[in-house]
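If you want the building blocks of each chain, they are given just below.
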Amino acid sequence: MPDIKTILATDCGSTTTKAILIEKQGAEYHLTVRGEAPTTVEAPFDDVTIGVANAVREIEEISGKKILQNGRIQVPKKDGAGVDIYLSTSSAGGGLQMTVAGVVKSMSAESAERAALGAGAIIIDSIAVDDGRKGHEEVTRIRELRPDMILVSGGTDGGTVKHLVELAEILLSADPKPRLGTGVKLPVIYAGNHEAAEPVRQVLDGKVDLKIVENLRPTMERENLHPAREAIHELFLQHVMQQAPGYGKLMTWTSAGIMSTPNAVGKIIETIAAQEGINVLAADIGGATTDVFSVFSGAYTRTVSANLGMSYSICNVLAEAGIEDIRRWVPFAADEGYIRNQLRNKMIRPTTIPQTLGDLYIEQAVSREALRLAFLHHKSLARELKGVQQTRTIGDALSQSGTGKSLVRMMDLNMIVGSGGVLSHAPRRAESALMMLDAYAPQGVTMLAVDSIFMMPQLGILSTIMPEAAAQVFNRDCLIKLGTAIAPLGTAPEGQAACAVTFRGSRIEVPFGSIKVLPLRAGEKETVFVEPHRTLDMGEGRGRPASVEVEGGVVGLIIDMRGRPISIPADDSARIKKLAEWFEAFKLPIPQAQGL
Amino acid sequence: MATAYTPGLTVSSGTIIRKTRRLPLKGTVTVQPGDRVEPSTVVARTDLPGIMQTVRLCEQLGIDPSEINKHLMVSEGDFVERGTLLAEISSLFGLIKNRCASPVDGILEMISPITGNVGIRRRPIPVEVTAYINGTVSEIIPDEGVVIEAAGALVQGIFGVGGERLGAITVAVDSPDAVLDEDGIREDFAGKVVVAGANITGRALKKAASVGAAAVIAGGIIDHDLVDYLGHDIGVAITGQEEVPSVLIVTEGFGIMPMAARTFNLLKSLAGKQASVNGATQIRAGVIRPEIIVTTDAQVTGADGENGQSLNTGARIRIIREPYFGLLATVSGLPKETVMIESGAKVRILLAKLATGEEVTVPRANVEIIED
């Protein structure tokens, strides 16, 4: 590859198109300028490139550099204008919406879900022969939803053929049309039993745009998701993107294919986990959806909660969590009706931002529930394969541990990375730390971090062609370490000493039900000695002390002795008093009562 | 963000209205360019392919799927009526007969020797698209639909529920800050588009529906009144498919919110006129706002109703978020630098002069430009 000096990357989100300019200074790559503009994939513009050009124009204004020539991005650089490489990711226009189908819901259909989610899709329905629905109900559902693409799986190689042909017959019956474009055949990927591929082709040939790939679950014990994911990505570029307004043009501007935003974020999360050899959990909370990514012992899982978000979907968080679960995180007295009306008004005017502190904390309360619910969804899919035969001992049988155990082990989690407007753009970084602590309730020793300005998608796509440049910018300009959280599992009597932490020669006792933040700056590392209460566990067993390595951050070292699960007083005034204490621990201001 | 403000909703007494009327699938356009159309005029139609009914033929007859063709009495492509014998087998020297008949009318489209099923495609379902407004066909979208153009008044709301309706406008309150309660709903509101002020109460909304009002337009609605009216919560703002007796359109938001005087006065001036209304709202993936359209017979001239204004000093704005929600103001300053607001965030702001003369700081993202 020639010497690349300037890289432009954009992420076309559902609301905003974000552009970053990366330049080589000396031997290393640095983020130099960032710009953004409203996304223009919808009417009256109907052309995504207008928003891209507007975001790039902001970069030109700030940097004084010329990048656009005749209204398009100049690649490669010519006559002093343009950039060496231009890359883009996209989640605009509703992202990639898929229906998956499998024979057994908890096996092949679930593997198909993992394949599609890992490729950056939103699952709008999952059909299985054993899902309890009647054939005509499934047919009607497929018709109504109009997915961008369908992934069919099922049967181990050499296994059932009949059930797969039945799934094909359901598709034939529905005669589904894709969401975008009229007169276009729906892309269908077949990734099931290879012996059923030909009979399935005979049923669907000519009716849909069928692509046959290797079985994604060739045996009960093994998933083979890569071929299906590659096919999804290829069809996403060939079909869905070509039908979306302006993407045909944008694809002629880019130096590599457009990648779906979550796919790109997943790439960068996998890279961090591999480089550091750690277990990572990451969340990208947007206006419409929340994506969750995890890597535990090298196993990567990505899920998307399609209707949990901070603007378009904010009322869905309200509907799913309930007003009481949102209100429990609001640190001042607020009328329930007032909160509900505020959230509805955010839903209908999604681009507005909180001006008052009270309004900000109400949105942050919603974010805790959106993150928590999306994490529950993630844990339900991030698990070992179901249906795998295991040799068991008597002990295993007594412990009732079945197949399909969760891969997410909170005590083994090393880092949580938060991204998305509410976390990346929180006015005070401590607010992001507290939101993530409340939503995830991490256990043991966990580093909390945020994506500084919301640029993981652009770095994710960059990592596919220039991994070193992506890693340099990620570590220097993107990842903001907030600090390490120490949080034992279990509960203890309120107010009693929950643990003693020996930090820089001082022994500090922290009562149960409280949080203490100690000064430990970014880059500083210390070994601390933690002596938990006899009912609390730091990962070494109840009451057993632990000597742990901690790293600082912009917030500090957080000793969270609220117990796991976090207990919040039921009484309103006691709850507000307790929340005020927790906010105070982070030196966060508390506003007056609202809407009463 | 240089352009981080919300364009205002259109409230215009005279504009060019263009409505695209499109089929869900390709079909036939039934009008010509220049044709005059009425709301009920069919402008395009198509046939939605019927659903294929699967018949588990071999399972019913107790035969192996590989034998299906041996017993079938009809062929692929045949039209079969409900009750038509599809296959028959006999056993015990013909004494016992097992039969399988078609459960529906349709065309035999699939015979599977693997599953032993046959598929009968039901008759197509006709779909028609009407003009929805009075106007002239200005453009044909081949095989898909038309664009109807008309001159008239257009009011966009911020949120609505329910689909397309027609009705004469009637104003039920004296002022834009009045709340329309149950006592204000009259029997003669049947078929009408009823204009309320700052709010319609939950009970009044139900009564309006029971007397058969076509639609209700109000400044605001209390959240739980909407949930109660619909019978379910709304998670994502994609509406229009609700089967509600009366369409509801709110022009300002949730709560008790005086209707903008300009909107109220325009609707008042249109009292008695026939309106086309649609509560459909889609805020995610393509912005669709609810609308009230009253067309006139005037010639189609002038510019359309799109927003073209930019945020300049002197521009008239409405603030759309607390703590100044709903207040009208004039932009008195547009500082370039970001400014820290009460929440602690540093954002692009503007200075707004309120009607009281007070000058306040507002994030640029929290204002709408008011069209002149």
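Residues numbered from 1 in each chain as written. Chains lettered and ligands numbered in written order. Predicted model: local features only at pLDDT ≥ 70, side-chain atom pairs only at ≥ 80, totals over all residues.

## Regarding the sheet that holds strand β4 (residues 42-48) of chain B
In any sheet, the strands associate via hydrogen bonds between backbone groups, in a parallel or an antiparallel arrangement. Residues and elements named next belong to chain B. Counted only if it meets this: We call two strands paired when DSSP finds no fewer than two bridges between them. Numbering of helices and strands runs from the N terminus; a helix is a DSSP stretch of H or I covering at least four residues, while a strand is a stretch of E covering at least two.
Judged by pairing direction, the sheet is antiparallel, and its 3 strands sit side by side in the order β2-β4-β11 without closing on themselves. Pairing within the sheet leaves two strands with one partner each, and these edge strands are β2 (28-29) and β11 (125-130). Where β2 lies against β4, 2 bridges are found, and the strand directions are antiparallel. Among the inter-strand pairings, Thr28 is bridged to a residue of β4, identified as Arg45.

## Some thoughts on the domain arrangement of chain B
Stated precisely, the cut-off is as follows: For every domain, the bounds stem from an assignment made automatically or drawn from a database.
Entries for chain B in the domain assignment read domain 1 (52-121), domain 2 (158-289) and domain 3 (316-369). Centre-to-centre, using C-alpha coordinates, domain 2 of chain B lies 29 Å away from domain 3 of chain B.

## Here we look at the environment of Glu243 of chain B
In this structure, Glu243 of chain B sits in the loop between α4 (223-230) and β20 (247-254). Taking the C-alpha atoms as reference points, Glu243 of chain B and Ile51 of chain B, 192 residues apart in sequence, are found 24 Å from one another.

## Details of helix α11 (residues 336-348) of chain A
To keep it simple, the criterion reads: Expected helix span is computed as 1.5 Å times (number of residues minus one). Counting other C-beta atoms within 10 Å of its own, a residue is labelled buried from 20 upward, exposed at 12 or fewer, and partly exposed in the gap between, with every C-beta atom placed from the backbone. Here contacts are defined at the residue level, using C-beta atoms placed from the backbone and a cut-off of 7 Å between them.
Given a rise of 1.5 Å per residue, 13 residues ought to cover 18 Å, and the 19 Å separating the end C-alpha atoms of α11 of chain A matches this to within 8%. A large share of α11 of chain A lies buried, amounting to 10 of its 13 residues. Three or more residues of α11 of chain A are buried, namely Ile339, Arg340, Asn341, Gln342, Leu343, Arg344, Asn345, Lys346, Met347 and Ile348 of chain A. Looking at the buried positions of α11 of chain A, the neighbouring elements they touch are α9 (314-321), α10 (323-327) and α12 (357-381) of chain A together with β14 (159-161), α4 and β20 of chain B.

## What to know about the domain arrangement of chain A
Segmenting chain A into domains produces domain 1 (6-92), domain 2 (95-242) and domain 3 (280-382 + 401-585). Between domain 1 of chain A and domain 2 of chain A, the C-alpha centre-to-centre distance is 35 Å.

## Side note on the pairing of strand β23 (residues 316-319) of chain B
Residues and elements named next belong to chain B. Bridging between β23 and strand β24 (residues 328-333) involves 3 bridges; their strand directions are antiparallel. When the bridges of β24 are listed, Arg318 appears paired with Leu328. Sheet topology places β23 next to strand β28 (residues 367-369); 3 bridges connect them, and they run antiparallel. Of the residues in β28, the one forming a bridge with Ile319 is Val367.

## Things to note about the interface of chain A and chain B
In this assembly, 53 residues from chain A lie in contact with 49 residues from chain B. Put simply, the parts of the chain that give the side of chain A that touches chain B at least two residues each are β3 (28-38), α1 (48-63), α3 (135-145), α4 (162-174), α9, α11 and α12 of chain A. Considering every element that reaches the side of chain A that touches chain B, the biggest residue donor is α11 of chain A, with 7 residues.

## Here's the deal with the packing of α3 of chain A against α4 of chain A
Each pair of packed helices can be summarised by the angle the axes make with each other and by the distance between the axes. Residues and elements named next belong to chain A. The condition that has to hold: Helix axes are fitted only over the stretch in contact, all axes being lines through C-alpha atoms; the angle between N-to-C directions runs from 0 to 180 degrees. Oblique is the label for any angle not covered by the other classes, which are roughly parallel (under 35 degrees), roughly antiparallel (over 145) and roughly perpendicular (65 to 115). Should the near helix be turned anticlockwise from the far one by less than a right angle, the crossing is left-handed, and should it be turned clockwise, the crossing is right-handed. Each residue gets one label: Ala, Val, Leu, Ile, Met, Phe, Trp, Tyr, Cys and Pro are nonpolar, Asp, Glu, Lys and Arg are charged, and the others, such as Gly, are polar.
Relative orientation of the contacting elements α3 and α4 amounts to 55°, with a least axis distance of 9 Å. As the angle between them shows, α3 and α4 are arranged oblique. Seen from above, α3 lies across α4 with right-handed handedness. Residues Gly135, Glu138, Val139, Ile142 and Arg143 of α3 form the contact with α4, whose own contacting residues are Ile170, Ser173 and Ala174. Here the residues of the contact of α3 with α4 are counted per class, giving 4 nonpolar, 2 polar and 2 charged.

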